[in-house]
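# Inside the fold
One letter stands for each residue in the lines below.
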Amino acid sequence: MREWFWGQLIIAASYVLALYIQFQHLTLFNTTLQTAIFFIPAAVRVFSVIVFGYWAGLGIGLGTLIHDYIFNLAGITYPEMIGIATEQGLVVTSSLFVWALVSKKINGRSEE
């Protein structure tokens, strides 16, 4: 249980740091607030999914919530922050789940 907790904190901190570096120091690669040519947080997502599996979604969601709460670059409200963080976490987890179904790593509809 302790390793799981520290893993989620490491993912969240890494994701917040990657977002901070992306939007504060690598502005050359950002075309808008929502798009970038070179996006470091995507690498953090992939690496965290490889290391922590389905639980990486929780760390990514937590990191998104922390980043949006601290920096609030887009001027969004708190319910929107929670919605965006939930969406980010679910997207990471569901994309891994879809990959597992397609590659037949788990039992499900792909075997029909």
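Look up: the structure comes first, before these words.
Position numbers for residues count from 1 along each chain, tracking the sequence in the order it is written. With the structure being a predicted model, the display of local features is reserved for residues of pLDDT at least 70 and the display and counting of side-chain atom pairs for 80 or more, all residues being used for whole-chain, interface and lining totals. With hydrogens and water set aside, each side-chain value is computed from the structure's full complement of heavy atoms.

### Some words on the nonpolar core
Grouped together as the largest cluster of nonpolar side chains are 11 residues: I11, Y15, A18, L19, F23, V44, V49, A56, I60, V92 and L96. Strands here mean DSSP runs of E at least two residues long; helices mean DSSP runs of H or I at least four residues long; both are numbered from the N terminus. At the level of elements, α1 (2-24), α2 (40-52), α3 (56-71) and α4 (78-102) are the ones that each hand at least two residues to this core. With 5 residues, α1 is the largest single contributor of residues to this core. Any two residues having at least one pair of non-hydrogen atoms within 4.5 Å are treated as being in contact. In this structure V92 touches R45, V49, A56, G57 and I60, once residues within four positions along its chain are discounted. To define a nonpolar core, start from buried Ala, Val, Leu, Ile, Met, Phe, Trp, Tyr and Cys residues and group those joined through side-chain atoms within 4.5 Å. When accessible area is computed with a 1.4 Å probe and restricted to protein chains, residues below 20% of their type maximum are described as buried, those above 50% as exposed, and intermediate ones as partly exposed.

### What about the packing of aromatic side chains?
Classification of ring pairs rests on two measures: the distance between centres of Phe, Tyr or Trp rings, Trp counted by its six-membered ring, which must be within 6.5 Å, and the angle between planes, read as stacked under 30 degrees, edge-to-face over 60 and tilted in between. Under the counting rule described, the total for this entry stands at 2 aromatic pairs. Relative to F71, the ring of Y20 lies with its centre 5.5 Å away and its plane at 25 degrees, an arrangement referred to as stacked. In this pair, Y20 is assigned in helix α1 and F71 in helix α3, connecting sequence segments 51 residues apart. On the basis of relative accessibility, which here comes to 28%, the residue F71 falls in the partly exposed class. With a centroid separation of 5.9 Å and 35 degrees between ring planes, the pair formed by Y69 and Y78 is classed as tilted.

### Here's the deal with α3
The end-to-end C-alpha distance of α3, which contains 16 residues, comes to 22 Å, matching closely the 22 Å that a straight helix rising 1.5 Å per residue would cover. For α3, every residue scored as buried is listed here: A56, G57, G59, I60, G61, G63, T64, H67 and D68. Directly after α3, the chain includes N72, whose backbone phi takes a positive value near 45 degrees. Helix span, expected: 1.5 Å multiplied by one less than the number of residues in the helix.

### Some words on α4
Taking 1.5 Å per residue, 25 residues should reach 36 Å; α4 reaches 36 Å between its end C-alpha atoms and fits that length. The complete set of buried residues in α4 reads M81, A85, Q88, G89, V92, L96, A100 and L101. Positive backbone phi, approximately 60 degrees, marks K104, located one or two places after α4.

### Some words on the side chain of S48
Mapped onto the fold, S48 is located in helix α2. Accessibility expressed as a relative area gives 3% for S48, which makes it buried. Polar contact criterion, stated in full: a pair of N or O atoms within 3.5 Å, where within protein one must be able to donate a hydrogen and the other to accept it, and residues adjacent in sequence count only if both atoms are side-chain atoms. Reaching out from S48, the side chain makes a polar contact with the backbone oxygen of R45 at a distance of 2.9 Å. Apart from the residues within four sequence positions on either side, S48 is in contact with I11, G53, A56 and I60.

### Comments concerning the environment of Y69
Its place among the elements puts Y69 in helix α3. Residue classification places Y69 among the exposed positions, given a relative accessible area of 54%. Sequence separation between Y69 and M81 is 12 residues, and the spatial gap between their C-alpha atoms is 7.3 Å. Excluding residues that lie within four positions of it along the chain, Y69 makes contacts with Y78 and M81.

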